[in-house]
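# Examining the three-dimensional arrangement
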Amino acid sequence: MSVTIPPVSSGLSRRLGSVLRGGAPLLAAALVLIPGAGAAQPSDGLRPMTFLDMQEFNGPGSWTPSPDGTWMLYTVRDPDWQEDRSQTDLYLVSVDRGLDSTRRLTFTAEADEGSPAWAPDGSWFVFTSNRDDGADGDGRQLYAMRLDGGEARRITDLAHGVQGFEFSPDGSRLVIRSGDDDMQQLHALDVAALARGVQDGSSLESVTPAALTDEPAGIDAWEFSPDGTHIWFTRAEEMQADEKARRKAGFTVDIQNAVTPLSNLHELTLATGAVRALTSDPEVSVDNFEPSPDGRWIAFQGGSTERYERNITGAGLYRDVFLMEVATGQVERITDNHEVGEGGLSFSPDSRWLAFSAPDDMTGYSMTENRVYLRAVDDRGGALRKLGGDFDGSVSVGFWSDDASTIWFNTGVKVTTQLHALDVATGAVRQVTDERAALGVSRDDDSGLLLVSYQDPTTPATVFVAPSLERVADRASWVQLVDANPQVRSMALGREVEVEWTSTDGKRVGGVLVYPVGYEEGTRYPLIVAIHGGPASADVLRFNGGYGAQVYAGAGYAVLKPNYRGSRNYGNAHRTDIVGDYFTLGYDDIMTGVDHLIDEGIVDPDRMGVLGWSAGGHWSNWILTQTDRFKAISSGAGTMNWISMYAQSDVQRNRQFYVGDGFLYEDFDTYWDQSPLKYITNASTPTMIHVVEGDPRVPSPQSKELYMALKKLGVPTELFLYPGRSHGIPDARNRLVKSVSEMAWMDHYVRGMGPTFDWEMVLKTLEEAETPEPRVIS
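Residues numbered from 1 in each chain as written. Predicted model: local features only at pLDDT ≥ 70, side-chain atom pairs only at ≥ 80, totals over all residues. Heavy atoms only, no water.

Each helix and strand counted, the protein chain has 14 helices and 42 strands in total. Over its C-alpha trace the protein chain gives a radius of gyration of 27 Å, about what one expects of a compact globule, namely 28 Å for 778 residues. Dimensions of the protein chain along its principal axes, counting C-alpha atoms only, are 75 × 65 × 60 Å. Counting all 778 residues of the protein chain, 57% fall into the buried class. (Helix = DSSP H or I, 4+ residues; strand = E, 2+ residues; numbered from the N terminus. Rg over C-alpha atoms; globule rule 2.2 N^0.38 Å. Buried < 20%, exposed > 50% of the residue type's maximum accessible area, 1.4 Å probe, protein only.)

Contact pair helix H5 (residues 545–554) / helix H13 (residues 732–751): the axes reach a minimum separation of 11 Å and the direction vectors enclose 60°. As the angle between them shows, H5 and H13 are arranged oblique. The two elements H5 and H13 cross, and the hand of that crossing is right-handed. The residues of H13 that touch H5, namely those facing Tyr547, Val551 and Tyr552, are Lys738, Glu742, Met743 and Met746. (Axes fitted to C-alpha atoms, helices over the stretch in contact; angles between N-to-C directions. Parallel < 35°, antiparallel > 145°, perpendicular 65-115°, else oblique. Left-handed = near helix turned anticlockwise from the far one by under 90°. Contact = heavy atoms within 4.5 Å.)

An order of S18-S19-S20-S21 is seen for the four strands of this open sheet, with the pairing classed as antiparallel. Looking at which strands have only one partner, the edges of the open sheet turn out to be strand S18 (285–291) and strand S21 (331–333). On average, each strand axis in the sheet is tilted by 30° relative to the strand beside it, whichever way the strands run. Relative to strand S20 (residues 319–325), strand S19 (residues 297–303) runs antiparallel, the two sharing seven bridges. What sits directly across from isoleucine 298, in S20, is methionine 324. (Pairing = 2+ DSSP bridges.)

With that out of the way, let us pick up the packing of aromatic side chains. Counted by the stated rule, this structure contains 37 aromatic pairs. Consider the rings of tyrosine 519 and tyrosine 525, whose centres lie 5.4 Å apart with planes at 40°: the pair is tilted. Residue classification places tyrosine 519 among the partly exposed residues on the basis of a relative accessible area of 25%. Grouped by ring-pair contacts, the aromatic residues Tyr564, Tyr582, Phe583, Trp619, Trp622, Trp642, Tyr658 and Tyr679 constitute a single cluster. The ring of tyrosine 143 has arginine 131 lying over it, and the distance from NZ or CZ to the ring centre is 5.2 Å. The ring of tyrosine 557 is capped by arginine 751, whose NZ or CZ atom sits 4.5 Å from the centre of that ring. (Phe/Tyr/Trp six-rings, centres within 6.5 Å; stacked < 30°, edge-to-face > 60°. Lys NZ or Arg CZ within 6 Å of the ring centre and 35° of its normal.)

Leu527, Tyr552, Trp619 and Ile680 are the most contacted members of the largest nonpolar core, which has 100 residues in total. It is H13 that provides the largest number of residues to this core, a total of nine residues. With 21 residues, the next largest nonpolar core counts Ile155, Leu174, Leu189 and Ala195 among its residues. (Core = buried A, V, L, I, M, F, W, Y, C linked by side-chain atoms within 4.5 Å.)

The next thing to look at is the environment of aspartate 758. Checked against the element boundaries, aspartate 758 lands in the loop between H13 and helix H14 (760–763). Separated by 14 residues in the primary sequence, aspartate 758 and alanine 744 have C-alpha atoms spaced 8.4 Å apart. In this structure the side chain of aspartate 758 is engaged in a polar contact, spanning 2.9 Å, whose partner is the backbone nitrogen of glutamate 760. (Polar contact = N/O pair within 3.5 Å; in protein donor to acceptor, adjacent residues only side chain to side chain.)

By secondary structure assignment, the location of threonine 75 is in strand S3 (residues 71–80). For threonine 75, a relative accessible area of 7% puts it in the buried group. What threonine 75 contacts, discounting residues up to four positions off in sequence, is Gly59, Pro60, Gly61, Ser62, Thr88, Asp89, Leu90, Glu113, Gly114 and Pro116.

Its 16 residues place the ends of helix H7 (residues 584–599) 22 Å apart at the C-alpha level, agreeing with the 22 Å of an ideal helix rising 1.5 Å per residue. Listed as buried for H7 are Gly586, Tyr587, Asp588, Asp589, Ile590, Met591, Thr592, Gly593, Val594, Leu597 and Ile598. The elements touched by buried residues of H7 are strand S35 (496–502), strand S36 (508–514), strand S37 (525–531), strand S38 (558–563), strand S39 (603–613) and helix H8 (615–626). Glycine 601 occupies a position one or two residues after H7 and carries a positive phi of about 80°. (Expected span 1.5 Å × (residues − 1).)

A few words on a nonpolar patch on the surface. Taken together, Phe663, Tyr665 and Phe668 make up a surface patch of nonpolar side chains, about 310 Å² in accessible area. Tracing the backbone shows tyrosine 665 in the loop between helix H10 (653–659) and helix H11 (668–673). (Patch = residues over 30% accessible without salt bridge, like charges linked within 9 Å, V, L, I, M, F, W, Y side chains within 5 Å. Areas by Shrake-Rupley, 256 points an atom, 1.4 Å probe, with all protein chains shown as cover. Salt bridge = Lys/Arg side-chain N within 4 Å of Asp/Glu carboxyl O.)

Taken as a whole, the protein chain shows an average pLDDT of 91; of its residues, 92% reach a score of 70 or greater. Here residues 1–40 is a poorly scored stretch, pLDDT under 50, and it has 123 contacts once near neighbours within four places are set aside; other chains count. Predicted confidence for residues 768–778 stays below pLDDT 50, and this span has 27 contacts to residues more than four positions away or in other chains. (pLDDT = per-residue confidence, 0-100.)

Among the seven residues of strand S2 (residues 59–65), five are classified as buried, and the element is accordingly described as predominantly covered. Looking at chain direction, S2 and S3 are connected through five bridges and run antiparallel. Residue pairing for S3: proline 65 is matched across the bridge by methionine 72. Hairpin connection between S2 and S3: a loop of five residues separates the two successive antiparallel strands, and glycine 69 in this loop has a positive phi of roughly 75°.

Looking at where glutamate 215 falls in the secondary structure, it is placed in the loop between strand S13 (210–211) and strand S14 (219–224). A polar atom in the side chain of glutamate 215 sits 2.6 Å from the side chain of arginine 235.

A side chain of one charge can pair with a side chain of the opposite charge if their charged atoms are brought near each other. Within this structure, the stated rule accounts for 41 salt bridges. As a salt-bridge pair, aspartate 402 and arginine 443 come within 3.5 Å of each other at their nearest N and O atoms. One end of the pair, aspartate 402, is in the loop between strand S26 (399–400) and strand S27 (406–413); the other, arginine 443, is in strand S30 (residues 438–443), and 41 residues separate them in sequence. A salt bridge links glutamate 500 to lysine 414; its shortest N-O distance comes to 3.0 Å. Note that glutamate 500 is positioned in strand S35 and lysine 414 in the loop between S27 and strand S28 (416–423), a separation of 86 residues in sequence.

Glancing now at the environment of threonine 685. Inspection of the secondary structure puts threonine 685 in the loop between H11 and strand S41 (687–692). In this structure, the C-alpha to C-alpha distance between threonine 685 and threonine 627, residues 58 residues apart in sequence, is 8.5 Å. Beyond its immediate chain neighbours, meaning those up to four positions away, threonine 685 contacts Leu624, Thr627, Asp628, Phe630, Lys631, Ala632, Ile633, Val715 and Pro716. Reaching out from threonine 685, the side chain makes a polar contact with the backbone oxygen of phenylalanine 630 at a distance of 3.5 Å.

Right, let's get into the sheet that holds strand S10 (residues 164–167). What the four strands build is an open sheet, ordered S10-S11-S12-S13; its pairing is antiparallel. Bordering the open sheet on either side are S10 and S13, each of which pairs with just one other strand. By the bridge criterion, six bridges tie strand S11 (residues 173–178) to strand S12 (residues 185–190) in an arrangement that is antiparallel. Directly across from serine 178, in S12, lies its bridge partner glutamine 185.

This is how it looks when you write it as structure tokens:
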């Protein structure tokens, strides 16, 4: 159905133009962003990026094509960093016409709209919103809106809001998950009645949700059977009444690895309302499941019932893959291993094959690259076939070709991410796209559209549509659908390139180099080495990576983002070379990268700083104890002592493997020898330390150990403890504090500019600009 959308007010958000203000916020940021000597000024009317710009970038997402592939709904999150909140609205774009057809659909300045989903006929859609959230706090409700305009119509008024919803395959029901904590149940709305009310504007008061389930514990994951006659769901075997009661009564102590009920898979027959359990093995707790397209099979992951292997961050290591034949209820265990993580359950379109991803070595814990494992569903007891074994990278199941001959997936290639194709018959892998970018190709199940999520050094996160898999490698054939941050085109950005060098052992190592804005060949610039976390991650050619590298480039720094040993995207050996000696090769890689830039005449060896978070903090701490070549260090959530870190952290198995796979309590020396704290008396570089006080991953005592040592050793240091219980800084204001104070530290010690940090630098950003409300950019 072809529908003309009337124009509406242009603009992506009420604050999109705020980065163009000439008032206090930008001036305050400039206190720590003024380029030093040797930094060329931007030309052509462009200005450098600031940390305030980073706070105000919009976040697009929730790509939702219409069933016929003509339109796409999406959301844009508009952050308000001063209030530490964000607001999300809905947008619509024509897939054929692209950006020029973009229309904003909702304008609720103080509410959020999200989770858009099309009605089966594509003439209207539903979404969640808290626009009518009352004093009783009923949360997000469902609303409906016609494609050709009109006001949104509220279609639910549930006491606990809506926690999930889905249209049935036959389009007759809209099923909703709602309820109190741990007691969520399924309810259904009649779609035909909804459609009449939405299309003709008649009352929807009589369209009320009918209860589908009344289970003794809350519904967790749920899926329709492909024919729409059943709903499969998981739930805990009982509701923990005592647990809820004691917390309500004020007994709020957290018990580590508390005993919780096991979970099983159930089936609801929609015609009768009958529910039956499909699994009941007391030795298995059902976690994730995936039905086959023909509805004959359900694959699921069964987790361990051992208390200390459940409800932990690493629980995936203790799950196995199972396959159930729905008609008979027979369950076959497909894998039976320990400390091996499988995932990505997927059936071929013809339901012949079950596929999943798991490490190349499935005999025990390893850091081998993932492969795809395949087996015919009716080959009970048959062996798994490994696909992609000759590919020196990780293979996964993205989506299948219609004839089940190819599995498409995205994976990293040095400083990029690209689409790859896995031949199901031969197991061979070929790279399909070759963009200097970070991209990911997905196929929408309903419309078949190929969506390309994309960013590169000058393009913030966006999405394109590609015409076909045959032409997906042809960038010129793509149509851009989203441009959520047009203000970037007013910013002067440093040129960002791939760089490679030779490390101490002769191995080629790579990374990303960001040149200073206005770079002039022959001039040496101050350097920031921005070390990524993980370490099994990689810096790629995406927009403004490296902890705000473009802000540093705009202030006159060169920025090196090294993909040191331990990183992904360079093969399995590159990722695992650090096992048994965590820091040495990665350190050598980083330092030889620095030397390469000095030899190239880009970097001033007397003006260098280093910073990182998580594993980047680990390496920052190691650098602190191994060299005095840097003038300043900023350590974010880094380890100091692997012995104490082992028990403090929420993950143990990977740390044990990295250090050498010896059991800590029988081998303290190996852990201690690789701990920066052992060598702390070598430290002399001024070091700023950042950590969230309740960080579960790299707990704050690690940073406190570093701070105390430096203080007692007389090394200049500051410790910033941020409130929260997350691995990253949870609130926007404190993220700004971290960025601004970190740059001030670098400017002071690396370039001899300004104070180490002055609270006025961030307090002034809270002042209202004396200019009118900013213009909106379209």
